[in-house]
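Coordinates in review
The chain contents come next:
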Amino acid sequence: MTTTNSPWLSILIPVYNVAPYLKACVESILSQDTQGVEVLLLDDVSTDESPALMQALQAASPGRLQLLKHERNGGLSAARNSLLQAAHGRYIWFVDSDDLLMPGAIDSLRRIVGRHEPDLVLCDFRTVREPMKLKHKLRGELHRRTFAGPAEQLSEDKNALLNGIFALGHLHSWSKIARRHLWGDDLRFPAGHFFEDMATTPELAMRAKNFYYVPEVWLGYRQRSGSILASMNFKKVDDMLLALQGLGQRLRAQKAVYSADTQFTAAFYVAKAFICAGRFAAKHAEPERLPDYLRAFQQCSPLSPQELMSAYLARGWCLRALRFRYWWRRSLSQA
């Protein structure tokens, strides 16, 4: 690991009305070796006890927490952007304020960075439920893989990176630790929009020269009511498709870099978002939205509907082909 006066890692925690969970989150970090790590919390104008709790946590651990605040509520994306602007670490790790870092996570990351200095580090997570029932454990919620590709090795295979991320569909930022320079001055979360991770993770992956995936549980994702997917609305549906804008164009422009398999895996991911949007519109009796969703698919996907259908059939994915064809044709009929 290169020696500098700056911290080697910045852990960035946006805070908004999470008083019941914030202490556990911060303590899960401070209970580990944070030498050379800066931990920044930003209050996005909470209306509960979160600001007071932040002050108390800082007082209890002098010099280990830095507190920031917004003057006006800006939402998760704006909070993450402000934290990123304030960060000094060579690596950036976003942690949501109701989640937990698992014991030993920072030490494991430190060893990987020290040996390999990858542009991007990927880790696994577990679901945190209260209570965690046997059925949840049997579903594999104690260890959720985020990546389908080479593990425990430094890799420069850009196809393996992008394909491995899209294959499992876990685009969340908190399982991706990136070198600060990947963000540059031009990559930020889309303020005012949901599904902000979908808008930034593919771009981070395409900017990375190399990566390292460790199949260890480094983060506990707290499952609670009111999540984005559990409370969908048309604003969120629109944002989901908006987050993928430009992906298809980027991949099509780099056909010399990204293989047909990677192009297909990305298109398959976009198709799932398109079908999800179509189902939501049909469920709420607004099928007139379907043509807009089809246009969004065509803008986001590196493959046309015809190309995707052919790729499905070439892989023997007949049921998936029929499902996609149904929503494709239904969207055309509404035009």
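Just above, that's the structure.
Residues numbered from 1 in each chain as written. Predicted model: local features only at pLDDT ≥ 70, side-chain atom pairs only at ≥ 80, totals over all residues. Heavy atoms only, no water.

This part covers the overall build of the chain. Summing up its helical and strand segments, the chain has 14 helices and nine strands in all. The C-alpha radius of gyration of the chain comes to 21 Å, within 12% of the 20 Å expected for a compact globule of 335 residues. Across its three principal directions, the C-alpha atoms of the chain cover 65 × 45 × 45 Å. Of all 335 residues assigned to the chain, the portion counted as buried reaches 51%. Contacts in the chain between residues at least 24 apart in sequence constitute 81% of all its contacts with a sequence separation of at least 6. Split by element, the accessible area of the chain, about 15300 Å² in all, is 51% carbon and sulfur. Computed over 42 positive and 33 negative side-chain charges, the inter-centroid distance for the chain is 6 Å. (Helix = DSSP H or I, 4+ residues; strand = E, 2+ residues; numbered from the N terminus. Rg over C-alpha atoms; globule rule 2.2 N^0.38 Å. Buried < 20%, exposed > 50% of the residue type's maximum accessible area, 1.4 Å probe, protein only. Contact = heavy atoms within 4.5 Å. Areas by Shrake-Rupley, 256 points an atom, 1.4 Å probe, with all protein chains shown as cover. Lys, Arg positive; Asp, Glu negative; His and termini not counted. Charge placed at Lys NZ, Arg CZ, Asp CG, Glu CD.)

A few words now on the environment of Ala24. One can find Ala24 in helix α1 (residues 19–30). Taking relative accessible area as the criterion, Ala24 reaches 34% and is therefore assigned partly exposed. Not counting residues within four places of it along the chain, the set of residues in contact with Ala24 comprises Leu100 and Arg222.

Taken as a whole, this structure holds 23 aromatic pairs when the rule is applied. Judged by centre distance (5.0 Å) and plane angle (80°), the rings of Phe125 and Trp174 are edge-to-face. Of this pair, Phe125 sits in strand β6 (residues 120–128) while Trp174 is found in the loop between α6 (158–168) and β8 (176–179), placing the two residues 49 residues apart along the sequence. Assessed through its relative accessible area of 4%, Phe125 is described here as buried. An aromatic cluster of three or more residues is present, and its members are Phe264, Phe268, Phe274, Phe297, Tyr312, Trp317, Phe324 and Trp328. One residue, Arg80, lies across the ring of Phe189, its end atom 5.0 Å from the ring centre. Positioned above the aromatic ring of Trp317 is the side chain of Arg320, whose terminal nitrogen or guanidinium carbon lies 4.5 Å from the ring centre. (Phe/Tyr/Trp six-rings, centres within 6.5 Å; stacked < 30°, edge-to-face > 60°. Lys NZ or Arg CZ within 6 Å of the ring centre and 35° of its normal.)

Taking 1.5 Å of rise per residue, the 24 residues of helix α11 (residues 260–283) would be expected to cover 34 Å, and the 34 Å separating its terminal C-alpha atoms lies within 8% of that figure. For α11, a buried count of 17 out of 24 residues is recorded, marking the element as mostly surrounded by other parts of the structure. Directly beyond the C-terminal end of α11, a positive phi value near 55° is found at Ala285. (Expected span 1.5 Å × (residues − 1).)

Looking now at the packing of α6 against helix α8 (residues 196–207). It is the contact of α6 with α8, at a shortest axis distance of 9 Å, that shows an interaxial angle of 165°. Relative to α8, α6 is oriented roughly antiparallel. Remark: the crossing between α6 and α8 carries right-handed chirality. Contacts between α6 and α8 pair Lys158, Leu161, Leu162, Ile165 and Phe166 from the former with Thr201, Pro202, Ala205 and Met206 from the latter. Looking at the contact of α6 with α8, its residues break down into seven nonpolar, one polar and one charged. (Axes fitted to C-alpha atoms, helices over the stretch in contact; angles between N-to-C directions. Parallel < 35°, antiparallel > 145°, perpendicular 65-115°, else oblique. Left-handed = near helix turned anticlockwise from the far one by under 90°. Nonpolar A, V, L, I, M, F, W, Y, C, P; charged D, E, K, R; others polar.)

Looking now at the environment of Gly220. Of note, Gly220 is situated in strand β9 (residues 211–222). Of the residues examined, Gly220 reaches a relative accessible area of 0% and is grouped as buried. Taking the C-alpha atoms as reference, Gly220 lies 5.6 Å from Asp99; in sequence the two are 121 residues apart. Residues contacting Gly220, with those up to four places away along its chain left out, are Asp99, Leu100, Met102, Arg126 and Val128.

With respect to the helices and strands, the residue Asn81 is situated in helix α3 (residues 75–86). Setting aside residues up to four positions removed in sequence, Asn81 forms contacts with Arg188 and Phe189.

This next bit is on empty space enclosed by the protein. A complete count under the given rule lists one cavity of 30 Å³ or more for this structure. One number sums up the size of the largest cavity: a volume of about 40 Å³. Looking at the lining of the largest cavity, the elements with two or more residues in it are β4 (91–94) and β8. For the lining of the largest cavity, the residue count by class is five nonpolar, one polar and one charged. (1 Å grid on protein atoms, 1.4 Å probe; cavity = no way out; pocket = protein on both sides within 12 Å on 5 of 7 lines; lining within 4 Å. Points joined across faces, edges and corners; volume = space filled by probe spheres on them.)

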